[in-house]
Structures are given as structure tokens and as C-alpha cells.
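# Overview (structure and organization)
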Amino acid sequence: MSEPYRVLIIGAGLAGLTAADALTVGAGAGPPIEVTIVDKAKGPGGRLATRRIGGATLDHGAQFFTVRSDDFRARVDRWLADGVVEEWCRGFEQTDGYPRYRAAGGMNHLGKHLAAELADRVTLVARQRAEAIIAGPDRWAVTYEAATRDVDEADAIIATPPIPQTVELLRAGAALPGGELGERLTGTAYHKVLAILATVDPAPGLPSPGALQRPDHPIFTFVADNQAKGISDEAAVTFHLAHALSAELWDAADDEVLARVDDELRTVLGPAAVTEIQVKRWRYAGPAIPSPEHSLQIAARPGPLLLAGDAFAGAKVEGAFLSGLDAGRAVHRLAGERAAG
Ligand SMILES: Cc1cc2nc3c(=O)[nH]c(=O)nc-3n(C[C@H](O)[C@H](O)[C@H](O)COP(=O)(O)OP(=O)(O)OC[C@H]3O[C@@H](n4cnc5c(N)ncnc54)[C@H](O)[C@@H]3O)c2cc1C
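Residues numbered from 1 in each chain as written. Predicted model: local features only at pLDDT ≥ 70, side-chain atom pairs only at ≥ 80, totals over all residues. Heavy atoms only, no water.

### Points about the sheet that holds strand 8 (residues 130-135)
Taken together, the 3 strands give an open sheet; going across it, the order is 8-9-10, and neighbouring strands pair in antiparallel fashion. The sheet is open, and its two borders are formed by strand 8 and strand 10 (152-154), each paired with just one other strand. Strand-to-strand twist in this sheet, taken as the mean axis angle between neighbours without regard to direction, amounts to 20 degrees. By the bridge criterion, 3 bridges tie strand 9 (residues 140-144) to strand 10 in an arrangement that is antiparallel. The partner of Val 142 across the bridge, within strand 10, is Asp 152. (Pairing = 2+ DSSP bridges. Helix = DSSP H or I, 4+ residues; strand = E, 2+ residues; numbered from the N terminus. Axes fitted to C-alpha atoms, helices over the stretch in contact; angles between N-to-C directions.)

### Some words on the pattern of salt bridges
A complete count under the given rule lists 23 salt bridges for this structure. Here Arg 6 ties to Glu 34 by a salt bridge, and the two come within 3.2 Å at their closest N and O atoms. Of the two residues, Arg 6 sits in strand 1 (residues 5-10) while Glu 34 sits in strand 2 (residues 33-38), which places them 28 residues apart along the sequence. Exposure remark for Arg 6: the relative accessible area of 16% places this residue in the buried category. Between Arg 266 and Asp 262 there is a salt bridge, with the nearest N and O atoms lying 3.1 Å from each other. Of this pair, Arg 266 and Asp 262 are both found in helix 8 (residues 254-269), 4 residues apart, which corresponds to roughly one turn of the helix. A network of salt bridges, in which partner residues are shared, links Glu 3, Arg 139, Asp 155 and Arg 338. (Salt bridge = Lys/Arg side-chain N within 4 Å of Asp/Glu carboxyl O. Buried < 20%, exposed > 50% of the residue type's maximum accessible area, 1.4 Å probe, protein only.)

Here's what the structure looks like:
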């Protein structure tokens, strides 16, 4: 029996989980492929992030998603049938007919669901921060922070962190490409987003469906009452600060951030009183300019090294899915070609 083809995926966000699925679905049809996913966080999901404050549940990264492509449509239809996602609304304040989906119980449940589906096909290792991607003579090697895990060796790597974080791993392992490609990677910029999470009493009277989407607003571009959204037992509001204001306040202390937005926050909440409030920082909320290709192979030796995630195929949940799918299928094909000799 031939040695399995070893693929290491860095990042268990939607892109990494989707790539793992694409590599292992219908196992037996191609060469044996062994997939490991590592993530520095304590659980899967990445920016599909949900936090609890007391009895409240708040989505604080991605808030909802839309569907445009056939591939994503097919997958979302399955999630709908499984009850993992639900239609939330067809627009904010005004309807435009296009469904916006939420994950039942919070966006992170989608990440957990996908990880559970992969459990018998893929090794998923949480709390493992990759430190360096190194080209060995025959295989790639990945080392971990403070040697918390033995070096992983792999025939192929799919790296799904935001590009600046992947650049750090490549640089640490002397594997960052030079020339135009290297410049392109090191020049990939992301927007920062500050999120404010507040439990409130009573519920604020936000317009149906319990959220405001205001892309051009200078303070809060998105506000959602997670209880009205249907994911929280208690009233709890997520506020996303505008990109420019998030960048300006990035290094400010939480108190300073809260003081700066206090007037607008009170205007949005009306008579509702805040019972607890937290500030959360997303350094890499989304790429400023996503690349049109769905994934990017940046090396072929000692094996394929692909980058995937929402930096490709669109800075959204759907883009992360399509990118992971593309990278997983590409590596599956390359594994087949190698097995065929
Ligand atoms: C505030 C905010 C609001 C958003 N709102 C929406 C929205 O309403 N609709 C929408 O469609 N999209 C939204 N998005 C975008 C959406 O969340 C992302 O496009 C998508 O979740 C990205 O998935 P990904 O797998 O590409 O990356 P991620 O989810 O970021 O996954 C990358 C993973 O890599 C891991 N990682 C990083 N470095 C290392 C390392 N060194 N070692 C190991 N693991 C590592 C991280 O822990 C993470 O889990 C929003 C994002 C944010 C932050």
C-alpha cells in the first residue's frame, strides 16, 4: 500500500474546513490523502465568531451571509436542510428580495458543525500556533510556537490565515517568494474593525429585522440585536465601527473607544440601559482588495504550497468557502497526478 499523501492545512476557518472537506470527500476514489488542520484558536470557525456574555449570545465577526454562486448555493441548501443555517431576512430596513442567512445559535456553530462533520476523516488540532513554514528536501515542514507540537511534515500545504499572518510564517521559514509575488503578498492590506458587544435591558427597538446596515455611516456601519436575530436568549447588541474610525482608534484603550462612540451608541439604543460592554478588535477583518483568483499556488517544490481564504474569491463568507473549495480540489488533483507518477 502506498504512503498516504499528507496535506497540512493551517487555519480552521471556513476556508480551511472547506478545503479539508474537498480533499477527503468521497475518500477511496483517489489516492489516500491524510489531512491535518491546525488552528491557533481554541475552537474552529475563525471569523465565524460568537461570544457569550452571561446568558446572552453575540455574533461578533461575520453577521450573516449571502449566496451568489452555484457551488455555495448547493452547500447552503444542505446546511438549510440540516437546520444549521436559517434565512434571517431579505434586507435591512428595506427588503430587496435577496436572502441573508444566519447560523442557528450563532455563526460559530457553523464552524463547529463543519468540524464535527470532518471528525472521522481529518485530524483537527486546536491551540496550535504555526510559527514557520520551511521547505525541506522532500516535504514541507511546519514548526509551532514554543515547540508545543512536533514538527509536521507534509507533501502539500494550504495556508488560510489572513495574508499578513501567512507572510510571517513564510518569512520565519525563509520560504517567502521573492520578486513580484513576494511584493504582492507583503503588500496585501486588510481593514481593521473594532466591535462593541453590549448586553442591554430592555431590548432596543431596532427596526425589523433587528439590525441596521449603514455602509457609509462614520461611526457604526452595522448594528444587530442578537435576540431579535434569533440567536440569543437575552437582548445583546453587536456594533461594528466604520473602517476609518476603527483604524483611528486601534491603539486607544477600551474606555477611550467607548467614550468616543457613546453619543451614537445611546442614540441607537434609546432608553435601553447597557448592563455589560466589551470591545473586541479584528486586526484582519477583511482584505482591502480581494484577488480575483480563487486560490494561489505560490510554490511547487518540495510540494504544492497554496494560499486560500477570503483574500481570494471575495472578502466574505462565500469567498472563504469558494477559496477553500478551490484549494482543496487543486491539491486533490495534484495528489492524484503524483500518484499516477
Ligand atoms: C467584523 C467582521 C464582520 C464581518 N461581517 C461579514 C458579513 O456580515 N458577511 C460576510 O459574508 N462576511 C463577513 N465577514 C467576513 C468573514 O467573516 C470572512 O470572510 C470569513 O469568515 C473568512 O474565513 P477564512 O477561513 O478565510 O479566514 P478565518 O476565518 O480568519 O480563518 C483563518 C484561521 O487561521 C487561524 N490562524 C491564523 N494564524 C495562524 C497560525 N499561525 N497558526 C494556526 N492557525 C492560525 C485563525 O485562528 C483562523 O481560525 C466579517 C468579518 C469580520 C471580522
